[in-house]
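Below are the chains, spelled out letter by letter.
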Amino acid sequence: MSETTIIAVAGEPGYEIAIGRDILARVEDALAPTVRKVLVVHPPTLTERAGVLRERLMADGTREVLLAEIPDAEQGKRIEVAAFCWQVMGQADFTRTDAVVGFGGGAVTDLAGFVAATWLRGIQVVQVPTTVLGMVDAAVGGKTGVNTAEGKNLVGAFWAPRAVVCDLGLLDSLSQNEATAGFAEVVKAGFIWHPEILERIEAEPEGIVDPASASFRRCLELAIDMKARVAGEDFREAGLREVLNYGHTLGHAIEHAERYRWRHGAAVSIGMVYAAELSRLAGRLSDETAQRHRDVLTSLGLPTTYRAGAWPTLLATMQRDKKARGGMLRFIVLDDVARPTVLQAPDESLMFAAYQELAQQ
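Numbers given for residues are sequential positions, taken from 1 along each chain in its written order. Under the rules for a predicted model, residues below a pLDDT of 70 receive no local features and side-chain atom pairs below 80 are neither given nor counted, while totals for whole chains, interfaces and linings still include all residues. Water and hydrogen atoms were dropped before computing side-chain values, which therefore reflect all heavy atoms in the structure.

1. A few points about the overall build of the protein chain
Part 1 of the argument: Counting secondary structure elements, the protein chain contains 13 helices and 13 strands.
Part 2 of the argument: Our radius of gyration is a C-alpha quantity, and the globule rule it is checked against amounts to 2.2 Å times the number of residues to the power 0.38. Computed over its C-alpha atoms, the radius of gyration of the protein chain comes to 20 Å, within 12% of the 21 Å expected for a compact globule of 361 residues.
Part 3 of the argument: The dimensions of the protein chain, computed from C-alpha atoms along their principal axes, are 60 × 40 × 35 Å.
Part 4 of the argument: Only heavy atoms enter the contact rule, under which two residues are in contact if any of them lie within 4.5 Å. Within the protein chain, contacts between residues separated by at least 24 positions form 74% of all contacts whose residues are at least 6 apart in sequence.
Part 5 of the argument: About 14,300 Å² of surface is accessible on the protein chain, with carbon and sulfur atoms providing 49% of the total.
Part 6 of the argument: Neither His nor the chain ends contribute to the count of charged residues, in which Lys and Arg are positive and Asp and Glu negative. Charge positions come from single atoms, namely NZ of Lys, CZ of Arg, CG of Asp or CD of Glu. Across the protein chain, the mean location of the 37 positive side-chain charges is 5 Å away from that of the 47 negative side-chain charges. Numbered from the N terminus, helices here are DSSP runs of H or I no shorter than four residues, and strands are runs of E no shorter than two. All accessible-area figures derive from a Shrake-Rupley calculation using a 1.4 Å probe, and residue coverage is judged against the displayed protein chains alone.

2. Here's the deal with the pairing of strand β6 (residues 124-129)
Part 1 of the argument: Only protein chains enter the accessibility calculation, which uses a 1.4 Å probe. A residue is then buried if its area is under 20% of the maximum for its type, exposed if over 50%, and partly exposed in between. Of all six residues that make up β6, six are buried, and the element is covered over most of its length.
Part 2 of the argument: Side chains Gln124, Val126 and Val128 project from β6 onto one buried face, and the interleaved Val125, Gln127 and Pro129 project onto a second face that is buried too.
Part 3 of the argument: Handedness of a crossover: with both strands directed away from the viewer, a clockwise path from the first strand across the helix to the second marks it as right-handed. For the handedness criterion, the β-α-β arrangement of strand β5 (residues 99-104), helix α4 (residues 106-118) and β6 is classed as right-handed.
Part 4 of the argument: A strand pair is defined by DSSP finding two or more bridges across the two strands. Sheet analysis places β6 next to strand β9 (residues 163-167), joined by two bridges and oriented parallel. Considered in β9, the bridge of Val126 is made with Ala163.

3. Digging into the sheet that holds strand β2 (residues 15-20)
Part 1 of the argument: Ordered in space as β1-β2-β9-β6-β5-β3-β4, the seven strands form an open sheet in which the pairing is mixed. Because the sheet does not close on itself, it has two edges, and the strands there are β1 (5-9) and β4 (64-69). Sheet twist, expressed as the mean angle between neighbouring strand axes with direction ignored, is 15°.
Part 2 of the argument: Where β2 lies against β9, five bridges are found, and the strand directions are parallel. Within the sheet, the bridge partner assigned to Ile19 lies in β9 and is Cys166. Axis geometry follows a simple rule: fit a line to the C-alpha atoms, using only the stretch in contact for helices, then measure angles between N-to-C directions, giving values from 0 to 180 degrees.

4. Topic: unusual backbone geometry
Part 1 of the argument: A cis amide bond links Glu12 to the next residue, Pro13, at an omega of 5°.
Part 2 of the argument: Its location among the elements puts Pro13 in the loop between β1 and β2.
Part 3 of the argument: If you check the backbone angles, Arg259 has positive phi at about 55° while not being a glycine.
Part 4 of the argument: In this fold, Arg259 is placed in the loop between α9 (248-257) and α10 (264-281).
Part 5 of the argument: The exposed category is assigned to Arg259, whose relative accessible area is 60%.

5. What about helix α3 (residues 79-91)?
Part 1 of the argument: With 13 residues, α3 should cover 18 Å at 1.5 Å per step; its first-to-last C-alpha distance of 18 Å lies within 8% of that length.
Part 2 of the argument: Contacts from the buried residues of α3 go to β3 (37-42), β4, β5 and α4.
Part 3 of the argument: Just downstream of α3 lies Asp93, where phi reads positive at about 60°. The span expected for a helix works out to 1.5 Å for each residue beyond the first.

6. Notes on the environment of Leu314
Part 1 of the argument: Examined against the element boundaries, Leu314 turns out to sit in helix α12 (residues 311-319).
Part 2 of the argument: In this structure the C-alpha to C-alpha distance between Leu314 and Glu277, which are 37 residues apart in sequence, comes to 16 Å.
Part 3 of the argument: Discounting residues that sit within four places of it in the chain, Leu314 has contacts with Leu250, Ala253, Ile254, Ala257, Tyr306 and Tyr355.

7. Notes on the packing of α9 against α12
Part 1 of the argument: At a closest axis distance of 9 Å, the pairing of α9 and α12 adopts a crossing angle of 115°. Judged on the interaxial angle alone, α12 and α9 are roughly perpendicular. Every pair of crossing elements has a handedness; the one defined by α9 and α12 is right-handed. Of the residues in α12, those in contact with Thr249, Leu250, Ala253, Ile254, His256 and Ala257 of α9 are Trp311, Leu314, Thr317 and Met318.
Part 2 of the argument: Only Asp, Glu, Lys and Arg are considered charged, only Ala, Val, Leu, Ile, Met, Phe, Trp, Tyr, Cys and Pro nonpolar, and every remaining residue, Gly among them, polar. Grouping the constituent residues of the contact of α9 with α12 by class yields seven nonpolar, three polar and no charged. For this classification, under 35 degrees means roughly parallel, over 145 means roughly antiparallel, 65 to 115 means roughly perpendicular, and everything else is oblique. Helix crossings get a hand from a simple test, with the near helix turned counterclockwise from the far one by less than a right angle marking a left-handed crossing and a clockwise turn marking a right-handed one.

See below:
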């Protein structure tokens, strides 16, 4: 077993995030002694590994472990899928002392957390993210939810996990595209919190997304540390936590326009370029730092442009976004690297002009 990094998340209840290789035994350790039934929620691609995890959790003979296979990616984040999980739990007589394990990418952990938060008004959940995106973003912080026809994550709950187990060995089988897309959230952490991430990417853009490299692990841990600190201080997104939405307002609108066929990280990549341009045109951000967004993201192979004619549709979707307040759009922008702030109700002409800077001609 490799060295394990532990990052504590403050709050009530607080919890720990474990990062290392071959550490799935920590899932069993994280479950309360009173747990007698566990629902492992997983995508089709992890059926075999979910079965192995099930056997591990049942090894001492004290628990019944059920598997719930759900659709992959955003297709799994639907209320119908949550209802399927509730049905399984109801038929198995899950009680308040039982648990859910989210075993998969960000969509799976979002759904699993929501199921746990809503079953009997809340049972414990242990998150085991298996993608870069899941480890640095979705599984940490306790935000859970499902999508609706009107937008992403409009229905959800804040529900802290009992623990998060990030087994880096699970990333070895990820495709290059999947790992790179997830790294967009790591880049976000670099721009809003830990500039060291940007410096490491600029030093070795090709090797940085290799899960076996020391730099990859360092950047991953920095991104998780940022999420843990912010979520620990502002669990319900009443203030500081809003900075984590950098690049997400337009990013979520792009995901909706693409009917969730795009990877989240690809959409957020474009969203960050947009937020940088909005910052620049508002007189907050230098030309050099705005360009740095494009340079860093392009070096990783992430997209930085989108369809020119899509603006009216994207604007309408953003106006329905859960981050809007009182009908006013709010964007997280930058005054500089690691200096995020809020731009509220920007003029539509400014928003349009910023979009033109990344629109495909």
